[in-house]
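# Geometric and topological summary
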2 protein chains.
Amino acid sequence: MALGDAILACLTERPMTGYELAKTFDSSIGFFWKADHQQIYRELSKLRDRGYIQGREVVQTGKPNKLVYTLTPEGRTALRHWAARPSTPASTKDDLLVRLHALDSIDIEPLRTDLMARLEHHRDRHANYERILKKRFPDGTAEGRLDLGNLLLLRLGARHEQMVADFCEEALDALSSMSGKAAVVPIEDGKREKG
Amino acid sequence: MALGDAILACLTERPMTGYELAKTFDSSIGFFWKADHQQIYRELSKLRDRGYIQGREVVQTGKPNKLVYTLTPEGRTALRHWAARPSTPASTKDDLLVRLHALDSIDIEPLRTDLMARLEHHRDRHANYERILKKRFPDGTAEGRLDLGNLLLLRLGARHEQMVADFCEEALDALSSMSGKAAVVPIEDGKREKG
DNA sequence: CGACTTTTTCCTGTTACGGTAAATAACGGG
DNA sequence: CCCGTTATTTACCGTAACAGGAAAAAGTCG
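Report on the accompanying structure. (Residues numbered from 1 in each chain as written. Chains lettered and ligands numbered in written order. Predicted model: local features only at pLDDT ≥ 70, side-chain atom pairs only at ≥ 80, totals over all residues. Heavy atoms only, no water.)

### Some words on the environment of W82 of chain A
Residue and element names in this part refer to chain A. Quick reminder of the rule: Each helix corresponds to a stretch of at least 4 residues labelled H or I by DSSP, and each strand to a stretch of at least 2 residues labelled E; elements are numbered beginning at the N terminus. A 1.4 Å probe rolled over the protein chains alone gives each residue an accessible area, and that area as a share of the maximum for its type sets the label: buried under 20%, exposed over 50%, partly exposed in between.
Residue position: W82 is located in helix α4 (residues 73-84). With a relative accessible area of 6%, W82 lands in the buried category. Residues W82 and P64 lie 18 residues apart in sequence; the distance between their C-alpha atoms is 34 Å.

Written as structure tokens, this is what we have:
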């Protein structure tokens, strides 16, 4: 359980519904942890079964009733236990890197377009991080512990995106130096998978 | 299928047995993609079923016979098709980041030890990358396309590890500034999970 | 009315991860 | 001669994660 712990971590801030959590996993914590609403609802059920969170139904008018989940003391303890265990360094698992590993067996043109898309993507994210940093931490310091964590996270995210963007640029540069060689036969046969 | 493609990518270099692949996934490609021998053997069966690779039994004396897998033309095509699709940027999913996100609800001492362990880990990896870079690319340039890919990968890896190591240091610094505050109650209750 | 938002739930898959273990066959140490 | 190690493959167990399609229920907005 790691997604479960990520959810518990979110709920330390404030009680939330599955819907709100799904949105959270689309922005703040979602910068480094992706999960769609399905996964979140399923995980919420498990957490509730284990007694780590408690659902309280809030009757709404004009909208469907919602289930606000709150951390139970057991949930807090479980999170602290989990956080006290050594973390396991995750491996990157980026498709793009696998492609580079087999660079001489693949077509360069699609790779180039992919690299350009990725460059843009990582630049966007970098700009986004910087924007949030300027808004939330104009003077670059945090007072509370919670703020400190998020400041560190934002800085790491910003640097990471910057670095990957630079990498894409560099790769594009290097590829254009050898663009002529080995054009190979483009994909022409019929049985392509998934478009 | 992404592990499958990683395996295909490895087999473009040379035919290999599952055992060799497992070792490869422990070093070179394993720097950004982890997989144990179980996963690899299972994936090899699937790839063989799909006709992407072909196994050739090599009778050995003194050792069990081995199955050398070679890419079939279909496998090469499949790999190229896969590589021609846009890559999906992977999310980080590092436990450590989740912990920082809930920094004010967890105990700092174990976090600090964890950060120190991670600092060492990433420094080691950085040193390793640099070592390989110096050995394989003493002048910092690549001639072939395959070499170019691996040079880029190594550089990215080195920078990444450097960056994360710096991050750990920074986090440790920031934590020591607020070490006194909020020591909270250490974990004392009986029901710890996994040690 | 239809489209959209909010909110939750269920379904069916595949892919991945994790551990434990065994069979086979030689080599080397004590 | 037993034991451990290396090399090599395979099996079974379970859970966690990911992907995608769908639907229900209640209201608002155009």
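Continuing now.
### Thoughts on the protein's contact with DNA strand D
We count it as follows: We define proximity as follows: a residue is near a molecule or strand when any one of its heavy atoms falls within 4 Å of that partner. N or O atoms closer than or at 3.5 Å make up a polar contact, with two conditions inside protein: a donor-capable atom paired with an acceptor-capable one, and, for residues adjacent in sequence, both atoms drawn from side chains. Residue polarity follows a fixed list, in which Ala, Val, Leu, Ile, Met, Phe, Trp, Tyr, Cys and Pro are nonpolar, Asp, Glu, Lys and Arg are charged, and the others, Gly among them, are polar.
If you check the shell around DNA strand D, you find 24 residues, and the closest are Q38, Q39 and G62 of chain A together with Q38 and K93 of chain B. In DNA strand D, atoms within 4 Å of the protein come 58% from sugar and phosphate. Here a phosphate oxygen of DNA strand D sits 3.4 Å away from a polar atom, N or O, in the main chain of G18 of chain B. Here L67 of chain B contributes a backbone N or O atom positioned 2.7 Å from a phosphate oxygen of DNA strand D. Secondary-structure elements contributing two or more residues to the surface near DNA strand D are α3 (37-49) of chain A together with α2 (18-24), α3 (37-49) and β2 (66-71) of chain B. Looking at the surface near DNA strand D, the element that brings in the most residues is α3 of chain A, giving six residues. Here the residues of the surface near DNA strand D are counted per class, giving seven nonpolar, nine polar and eight charged.

### Side note on the relation of the copies chain A and chain B
The condition that has to hold: Least-squares superposition aligns the copies on the C-alpha atoms of those residues with pLDDT at or above 70 in both. A contact between two residues is defined here by any heavy atoms of the two lying within 4.5 Å.
Expressed as a screw transformation, the operator carrying chain A onto chain B has a rotation angle of 180° and an axial translation of 0.0 Å, and the superposed copies differ by an RMSD of 0.0 Å. The two molecules are tied by a two-fold rotation axis, judged by turn and shift. Among all residues of chain A, the minimum C-alpha distance to the rotation axis is found for T92 of chain A, at 3.4 Å. By residue overlap, the copies meet face to face through one surface: 100% of the interface positions of chain A are interface positions in chain B.

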